Amino acid sequence: MSRQQAEHSNAQAIYTPEQRARRDATIWTLVQGVLAPLQFVAFLISLLLVVRYLWTGDGYVIATWSIFIKTSFLYLIMITGAIWEKTVFGQYLFASAFFWEDIFSFLVIGLHTAYIWAVWTGILSPVEQMWLALAAYAAYAINAGQFLHKLRSARLQSKPSGLVI
């Protein structure tokens, strides 16, 4: 048995059979599956616009709007994700299977919300706002990686024994 197969067989299952059935039956799984890549596309576009602004000094307004759009996706995916978690695990957030991902999600939301607050109040300069957005985006990238790792783990656990991709 390979090391990866041993890790796979020793890993705690993310879903019970009942939770897996609820996950597969709920519309909220599809909603998350659609929103996550849309948010990622918004992130990539916005990241380019923010970096462009920091590099050239041009495009503050469009960069700001792109961050608002990305943040709107984040709020929407967090709300629908909490509903998904309630449907699958019986609680809105912090189910044991996604506890650390949810914890880190609050850091991501906090940084995005701090950006909106900074724009609203003008407490930070435009350049400082963009650096705050980049910090929020770095946290988002880490959080997205957490969820992708969890999805891969769930997929591996659903494969028949001995098949590890």
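Residues numbered from 1 in each chain as written. Predicted model: local features only at pLDDT ≥ 70, side-chain atom pairs only at ≥ 80, totals over all residues. Heavy atoms only, no water.

(A) Layout of the overall build of the protein chain. On a plain count of helices and strands, the protein chain comes out with six helices and zero strands. Along the protein chain, from the amino end to the carboxyl end, the secondary structure elements read α-α-α-α-α-α. Taking all 165 residues of the protein chain together, the buried fraction comes to 36%. Nonlocal contacts in the protein chain, meaning residues at least 24 apart in sequence, comprise 70% of its contacts between residues at least 6 apart. Only carbon and sulfur atoms are counted for the fraction: they give 70% of the accessible area of the protein chain, which is about 9600 Å². (Helix = DSSP H or I, 4+ residues; strand = E, 2+ residues; numbered from the N terminus. Buried < 20%, exposed > 50% of the residue type's maximum accessible area, 1.4 Å probe, protein only. Contact = heavy atoms within 4.5 Å. Areas by Shrake-Rupley, 256 points an atom, 1.4 Å probe, with all protein chains shown as cover.)

(B) Expanded view of the pattern of salt bridges. Evaluated as defined, the whole model comprises two salt bridges. Salt-bridge contacts for aspartate 24 lead to arginine 23; the nearest nitrogen and oxygen are separated by 2.7 Å. Of the charged contacts in the structure, one is a salt bridge between lysine 150 and glutamate 101, with a shortest N-O distance of 3.4 Å. In this pair, lysine 150 is assigned in helix H6 (residues 126–158) and glutamate 101 in helix H5 (residues 99–121), connecting sequence segments 49 residues apart. (Salt bridge = Lys/Arg side-chain N within 4 Å of Asp/Glu carboxyl O.)

(C) Structural detail: the packing of aromatic side chains. For the coordinates displayed, the defined rule picks out 15 aromatic pairs. Between the aromatic rings of phenylalanine 89 and phenylalanine 98, the centroid separation amounts to 5.8 Å while the plane-to-plane angle is 65°, which identifies the pairing as edge-to-face. For phenylalanine 89, a relative accessible area of 13% gives the class buried. Exposure remark for phenylalanine 98: the relative accessible area of 5% places this residue in the buried category. A network of ring pairs unites the aromatic residues Tyr15, Trp84, Phe89, Phe98 and Phe147 as a single cluster. For the cation-ring pair, arginine 23 lies above tyrosine 15, with the distance from its terminal atom to the ring centre recorded as 4.7 Å. (Phe/Tyr/Trp six-rings, centres within 6.5 Å; stacked < 30°, edge-to-face > 60°. Lys NZ or Arg CZ within 6 Å of the ring centre and 35° of its normal.)

(D) Just the confidence of the model for the protein chain, in detail. For the protein chain, per-residue confidence averages 89 on the pLDDT scale, and residues scoring 70 or more make up 88% of the total. In this model residues 1–10 is a low-confidence stretch, pLDDT under 50, and it forms 10 contacts with partners more than four residues away in sequence or in other chains. (pLDDT = per-residue confidence, 0-100.)

(E) Expanded view of the environment of threonine 64. Tracing the backbone through its elements, the reader meets threonine 64 in helix H4 (residues 60–89). Spatially, the C-alpha atoms of threonine 64 and tyrosine 53 are 9.7 Å apart, while their sequence positions differ by 11 residues. Separated by 3.5 Å, the side chains of threonine 64 and tyrosine 115 make a polar contact. (Polar contact = N/O pair within 3.5 Å; in protein donor to acceptor, adjacent residues only side chain to side chain.)

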